[in-house]
Amino acid sequence: MYRRKRENKTNYLKRLKLLLSRKGRLVVRFSNKRVLAQLIEFTGKGDKVLVGVDSSALRKSGWQYSCKNLPAAYLTGFLFGKKVAEKKYKGEMIFDTGFKSPLHKGKYYAFLKGVLDAGIAVPHSGKDLFPDDKKIQGMHIQDYAVKLKKDAHNKVQFAQYLKSNVAPESMSSAFAQVKQKLSK
């Protein structure tokens, strides 16, 4: 009867609660390669996507690193917030993570912090959910790359970055440049 429930694609109780709120849903999904975000409103004919953002759009702004890590999640949220502001969406949004239970200080909350920093109001329970600014800027990845620079393991751990001639040691400066481009 409920094929999507059997396939673990839809939680109908959670969906019903979200729909009864009559608010827009800020839907975030993480795939193996990117972050996907949509602002969705329910209509009588079905869901209507008002704004959609994919983390691969960060490439146009100069982001050459992974499109699924914590800094990319924040930047995708920031880009999403800017696009929602351009559309002049007035309604309130509910953060919808689907079947996933977001971890405190994880990628979902990094995404949400990006949306909030872009000036969009989304209800949340507090500031202790969000990763610290150093982690959002990729300093933890940068520090790890510097630590492994002398080790041969660096060539395996950061193989994709090294193949595309991108230094993982300069991730935080690239983060600042991309955020500045997105702010305009």
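Preceding this section is the structure that the text describes.
Residues numbered from 1 in each chain as written. Predicted model: local features only at pLDDT ≥ 70, side-chain atom pairs only at ≥ 80, totals over all residues. Heavy atoms only, no water.

Draft legend 1. View of the environment of Trp63. Tracing the backbone through its elements, the reader meets Trp63 in the loop between β3 (46–54) and α3 (70–87). Separated by 111 residues in sequence, Trp63 and Ala174 place their C-alpha atoms 6.9 Å apart. A polar contact is formed between the side chain of Trp63 and the backbone oxygen of Tyr65, at a distance of 3.4 Å. Within the local environment of Trp63, its side chain forms a polar contact with the backbone oxygen of Ser66, the two atoms lying 2.9 Å apart. (Helix = DSSP H or I, 4+ residues; strand = E, 2+ residues; numbered from the N terminus. Polar contact = N/O pair within 3.5 Å; in protein donor to acceptor, adjacent residues only side chain to side chain.)

Draft legend 2. Main features of the packing of aromatic side chains. Considering all chains together, one arrives at 11 aromatic pairs under this definition. Plain terms: the ring middles of Phe158 and Tyr161 are 6.0 Å apart, the flat faces sit at 20° to each other, and that makes the pair stacked. What makes Phe158 buried here is its relative accessible area of 6%. What links up through ring pairs into an aromatic cluster is the set Trp63, Tyr65, Tyr144, Phe158 and Tyr161. Across the ring face of Phe78, the terminal group of Lys179 is positioned such that the distance to the ring centre comes to 5.3 Å. (Phe/Tyr/Trp six-rings, centres within 6.5 Å; stacked < 30°, edge-to-face > 60°. Buried < 20%, exposed > 50% of the residue type's maximum accessible area, 1.4 Å probe, protein only. Lys NZ or Arg CZ within 6 Å of the ring centre and 35° of its normal.)

Draft legend 3. Main features of the nonpolar core. Counting residues in each nonpolar core, the largest one holds 46 residues, and the members touching the most others are Leu26, Trp63, Phe80, Met93 and Phe111. Ranked by the residues each element gives to this core, the list is headed by α3, at nine residues. (Core = buried A, V, L, I, M, F, W, Y, C linked by side-chain atoms within 4.5 Å.)

Draft legend 4. The pattern of salt bridges, seen in detail. Applying the stated criterion across every chain, the model contains nine salt bridges. Across the pair Asp96 and Arg25 runs a salt bridge whose closest N-O atoms are separated by 3.0 Å. Here the residue Asp96 occupies a position in strand β4 (residues 93–96), and Arg25 occupies one in strand β1 (residues 24–30), the gap between them amounting to 71 residues. Its relative accessible area of 7% is what places Arg25 among the buried residues. Asp54 is the partner of Arg34 in a salt bridge, and the nearest nitrogen-oxygen pair spans 2.2 Å. Taken as a pair, Arg34 in the loop between β1 and β2 (35–43) and Asp54 in strand β3 lie far apart in primary sequence, 20 residues in all. Owing to a relative accessible area of 34%, Arg34 belongs among the partly exposed residues under this scheme. Of the residues examined, Asp54 reaches a relative accessible area of 18% and is grouped as buried. (Salt bridge = Lys/Arg side-chain N within 4 Å of Asp/Glu carboxyl O.)

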